[in-house]
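# Remarks on the overall topology
This is what each chain is made of:
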Amino acid sequence: MTIEAGQTHAGIQRDDDMLADLTEPQREAVTHVEGPLLVLAGPGSGKTRVITRRIAYLVKGVGIAPWNILAITFTNKAAGEMRERVGRSLSERQARATTVMTFHSFCARILRDYADLVGLKPTFTIYDTADQQRAMKRALEDLDFSSNNFPPARVLATISNAKNELIDAEAFAAAASGFFDKKVAQLFSKYQSILRASNAVDFDDLLLLCVRLLREQTDVTEALRDRYQYLLIDEYQDTNHAQFVLAHALASGRARPNICATGDPDQSIYAWRGADIRNILDFETHYPDAAIVKLEQNYRSTQRILDTADALIQRNRQRKHKRLWTENEQGDKPLVVTCADERDEARWVVEHLTLLHDRQAIPWSGMAVFYRVNSLSRSLEEAFRAAAVPYQIARGTAFYDRKEVKDLIAYLRVLANPSDEVNLLRIINTPARGISDNTVKAMQAYATAHQLPLADVLDDVRPVTALNARAVSAVQKFNAQLLGWRRDAGLIENQPSPTHDTTPSLRMFVERVLRESGLEDYYRNDKGDPDSERLANLGELITSVQQYESDADAQAQLDEQPQPGVNNKLLGYLEQVSLVSDVDSLEGDPARATDGMVTLMTLHAAKGLEYPAVVIVGFEDGLIPHQRSRDNEKELEEERRLLFVGITRAMRRLSITRARRRTIFGQTQPTIRSAFLNELPSEGIETEDSGGEESDPFDRLDATGLASEFPPGTNVRHPQFGLGRVVNIATSGLQTRAKVHFNTVGSKTLILEYARLQRVEF
DNA sequence: TTGGGTGTTATTTTT
DNA sequence: TAACACCCAA
């Protein structure tokens, strides 16, 4: 039976059909309709199922119009998955009427509609990290700052943190106190003016400007609240302040906000990117009459794996109590394996996985190896290659970061948005066309002196007296080319759209730009040898254009809209490129029966995935928890959550390995086992030696045990100095030094092995 | 304009 | 160690 959108109670499906296969808490979450709802979903607890079922229930069970539903996720992958699963339980028409988007695409869409209200043109460009870096370098140059003292990445990170807190350049300047912050304030303001002049925004601006829009334009807010009456937010533990405010603004304005947040504080691993775990921990404070549902039953892992994870996470204080349980079998004890060094560790991993593959018939695609830092993948790769075991590395957005791909996209961006200086400067002489650095500098100087956008200077270069005839003609030729392209794509305002026989499709248009810009020849002739890989990548980009185009055309047809023009498709495509990375290009869906390959990735990248067999390597102090997170209790808890995420990815087999020695930065050093080792239930795990070398009888004397007994923040008593509090703890070699702030004598650094510190509980 | 020499630095990266 | 950015020379 298909129910058409908009139909009311007459055609409502009986609840039982949709609810029969749910557990009690799941049913509770699905059937909660009005008012705030928080779903605390442990790993593997069927969260996505609950969310999609809830959407189906709202539409089919309650009769809510699908266009009143807005579901927000963090990743495109999650959005795509959710869209797909919603599509399965609703009619196609209903499913298409719901809005399932990432925070950023949602904001981008709103800003396109209301660009003028926040000082943008609808053609604005979304700058990615590389674009941001270029813009920041320009800001540094303009202000004569040395990039040694102000590394662009660090400055941008500071600015990003500010924007996540909804602090704009002005507010930042007002609050800046230290030397660095004051300088950053100047850079912040310069950077924003560069972006503004380029009609460009960065990822954080999408959120910031959206919030500003909602705050300042009450009619827009009203319209959006009216449209999106039921709000679902996934991975709520990862929301930053801006996202919290945005969600709140949308949900407010009615007596009981219809906001449904799902997430798990124990899986919050992005605080360093601005995520604020308090958003989920304090949900009931923000929404006093919130209903809370806990999904604690796990359908993924064996009992022993779950017990290990649970024991670990119970150590955290910043959390909501939750007890994980499962009806799954007990399973094998998780293994903790000590290896000689990283090569021995890698060898053990490959051997272990090969055994699981051959004896237990687990396909390669059902296995994953996680590490804390990317650099650990190297020794693993070597071992996998040596043993001829198929593997893949999950790396982020490699494709769109390729030089040749970025070049072509830069052309498209400049065509869509002539103000985009960062990208204009990228392509102005790529490939070389006789517009030298000096020519560019002269034009920039002229632009600055006359307060003109660089694009205007290109339109008429003759007044730039510093240029010789050759330079002028080179610039004119280039500019004429840009104009020609724009005209044919219908990208020039106040001009009739192109006749369809000029440039009938976006794909053909992009191919034409590729050819006529000289990029194609440039990469073909590069160094004499046919640079086939680069050309192949460009070909792949064309394919993605075509893909986008046919999707857009099909969508228009379904919506009974006229076919979009090349100009609109170009804008849409560029937005997709900016907001969609290719992380989901991972092969080896464990559900598939193919043998596939083993997947190697960071612990962060593992979130949301599951594998029958998991190995976590580098279980050492300084790695897990990471060096930089040791001094701070909050960060230490995040490291614990990271390990928790890693452990809970495993369905049946879990192994954790460490090396006694590891070579880092070219230096081989003895390691100390992770402080978290003592937090795993000793009866519930099995320890083993890799057999790579004789085990060291003194190994057990290492300092780790002590270190974990005195995490920063611990209150202690010293026989001489009295009461104090551990400030930080550092391990070097076999010694553990603790810096303790004593109530009476101030700070002292003590060697834990000798200082007779005692814990004091209050 | 490119290449080589030098110096600096070293998590995690949903968008 | 190794990757990357930067600067200078040809």
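Everything in this summary refers to the structure shown in the same document. These numbers come from a predicted model, not from an experiment.

### What to know about the pattern of salt bridges
Tallied over the entire structure, the rule returns 45 salt bridges. In this structure, R138 engages E421 in a salt bridge whose closest nitrogen and oxygen atoms are separated by 3.0 Å. Placement of the pair is R138 in helix α7 (residues 129-142) and E421 in helix α21 (residues 421-427), with a sequence separation of 283 residues. With relative accessibility at 12%, the residue E421 sits in the buried group. A salt bridge links K163 to D202, with the shortest nitrogen-to-oxygen separation between them at 2.7 Å.

### Some words on the sheet that holds strand β12 (residues 367-371)
Across the sheet, 7 strands lie side by side as β13-β14-β12-β15-β16-β11-β19; this open sheet has parallel pairing. On the outer flanks of this sheet lie β13 (391-393) and β19 (686-689), each paired with one strand and no other. When the angles between neighbouring strand axes are averaged without regard to direction, this sheet yields 20°. Pairing analysis gives 5 bridges linking strand β11 (residues 335-339) to strand β16 (residues 650-659), with the strands arranged parallel. Looking at the pairing, V336 lines up with I656 of β16. Its contacts with the sheet put helix α29 (residues 633-647) on β12, β15 (611-616) and β16, and the angle it makes with β15 is roughly 140°.

### Considering the protein's contact with DNA strand C
Around DNA strand C, the neighbouring residues are S147, R378, F665 and G666. Within 4 Å of the protein, atoms of DNA strand C come from sugar and phosphate in 42% of cases. Measuring from a phosphate oxygen of DNA strand C, one finds a side-chain N or O atom of R378 at 3.4 Å. In this structure, a sugar or linking oxygen belonging to DNA strand C sits 3.5 Å away from a main-chain N or O atom of G666. Split by residue class, the surface near DNA strand C holds 1 nonpolar, 2 polar and 1 charged.

### A few points about unusual backbone geometry
Here the residue pair T430 and P431 is connected by a cis peptide bond, since its omega of -5° sits within 30 degrees of zero. Within the secondary structure, P431 sits in the loop between α21 and α22 (437-449). In this structure, E235 takes a positive phi of about 50° despite not being glycine. Note on placement: E235 falls in the loop between β6 (230-233) and α13 (241-251). A positive phi angle is found at F665, which is not glycine, with a value near 55°.

### Considering helix α11 (residues 203-216)
Here α11 spans 21 Å end to end across 14 residues, near enough to the 20 Å set by a 1.5 Å rise per residue. For α11, a buried count of 10 out of 14 residues is recorded, marking the element as mostly surrounded by other parts of the structure. Taken as a whole, α11 has its buried residues at D204, D205, L206, L207, L208, L209, C210, V211, L213 and L214. By the N-cap criterion, in which a side-chain oxygen at the helix start approaches the backbone nitrogen of a residue two or three places on, α11 is capped by D202, the distance to D204 being 3.2 Å.

### Things to note about the sheet that holds strand β8 (residues 291-295)
If you walk across this open sheet you meet the 6 strands as β3-β2-β6-β7-β1-β8, and the pairing is parallel. Two strands in the sheet have a free side with no partner beyond their single neighbour: β3 (99-102) and β8. Each strand axis lies, on average, 15° off the axis of its neighbour in the sheet, ignoring direction. Here strand β2 (residues 69-73) pairs with β3 via 4 bridges, running parallel. When the sheet's bridge partners are listed, L70 is paired in β3 with T99. In the packing of helix α6 (residues 103-113) onto the sheet, contacts are made with β2, β3 and β6, and the angle to β3 comes to roughly 105°. Across the sheet, α13 is in contact with β2, β6 and β7 (259-263); its angle to β6 comes to roughly 160°.

### Considering the packing of α6 against α11
As a packed pair, α6 and α11 sit with axes 9 Å apart at the nearest point and diverge in direction by 55°. Viewed along their axes, α6 and α11 adopt a mutual orientation that is oblique. As for the relative orientation of α6 and α11, their crossing is left-handed in sense. Contacts between α6 and α11 involve F103, H104, C107, A108, I110 and L111 on the former and, on the latter, F203, D205, L206, L207, L209, C210 and L213. For the contact of α6 with α11, the residue count by class is 11 nonpolar, 1 polar and 1 charged.

### Focus: the packing of aromatic side chains
All chains considered together, the criterion is met by 13 aromatic pairs. A ring pair is formed by F370 and Y611, whose centres lie 6.4 Å apart and whose planes are at 65°; its orientation type is edge-to-face. You can see F370 sitting in strand β12 and its partner Y611 sitting in strand β15, a full 241 residues away along the chain. Comparing F370 with Y611, the two get one shared label, buried. The interplanar angle of 80° and the centroid separation of 6.1 Å between the aromatic rings of Y411 and W485 together place this pair among those described as edge-to-face. Of the two residues, Y411 sits in helix α20 (residues 403-416) while W485 sits in helix α24 (residues 469-488), which places them 74 residues apart along the sequence.

### Section: the state of the cysteines
Counting across every chain of the model gives 0 disulfides. This cysteine, C107, is not joined by any disulfide, and C210 carries the nearest cysteine sulfur, 3.7 Å off. A relative accessible area of 0% places C107 in the buried class.

Reading the values: rules and limits
- Counting of residues starts from 1 at the beginning of each chain's written sequence and follows it residue by residue.
- The order in which chains are written sets their letters, starting at A; the order in which ligands are written sets their numbers, starting at 1.
- Confidence filtering applies because this is a predicted model: local features only for residues at pLDDT of at least 70, side-chain atom pairs given and counted only at 80 or more, and all residues used for totals across whole chains, interfaces and linings.
- Remark: hydrogens and water are excluded; side-chain values derive from all non-hydrogen atoms of the structure.
- We define a salt bridge as a contact between a side-chain nitrogen of Lys or Arg and a carboxyl oxygen of Asp or Glu at a distance within 4 Å.
- Secondary structure elements are defined from DSSP: runs of H or I of at least 4 residues count as helices, runs of E of at least 2 residues count as strands, and each element is numbered from the N terminus.
- For every residue, the accessible area (1.4 Å probe, protein chains only) is compared with the maximum for its type, and the residue is labelled buried under 20%, exposed over 50%, or partly exposed between those bounds.
- For two strands to pair, DSSP has to find at least two bridges joining them.
- Simply put, an axis is a line fit to the C-alpha atoms, just over the touching stretch for a helix, and the angle between two N-to-C directions goes from 0 to 180 degrees.
- By definition in these notes, contact holds between two residues if any of their heavy atoms fall within 4.5 Å.
- Any residue with a non-hydrogen atom lying within 4 Å of a molecule or strand is treated as near it.
- For the purposes of these results, a polar contact is taken to be a pair of N or O atoms within 3.5 Å, where, inside protein, one atom must be able to donate a hydrogen and its partner to accept one; residues adjacent in sequence count only when each atom of the pair is a side-chain atom.
- Gly is placed with the polar residues, together with every amino acid not listed as nonpolar (Ala, Val, Leu, Ile, Met, Phe, Trp, Tyr, Cys and Pro) or charged (Asp, Glu, Lys and Arg).
- A helix's residues, less one, multiplied by 1.5 Å, set its expected span.
- Orientation labels follow simple angle bins: below 35 degrees gives roughly parallel, above 145 gives roughly antiparallel, 65 to 115 gives roughly perpendicular, and whatever is left gives oblique.
- Two helices cross in a left-handed way if the nearer one is turned anticlockwise from the farther one by less than a right angle. They cross in a right-handed way if the turn is clockwise.
- Think of it this way: a Phe, Tyr or Trp ring, Trp meaning its six-membered ring, pairs with another when their centres are within 6.5 Å, and the plane angle makes it stacked under 30 degrees, edge-to-face over 60, tilted otherwise.
- The disulfide definition used here is simple: a pair of cysteine sulfur atoms within 2.5 Å.

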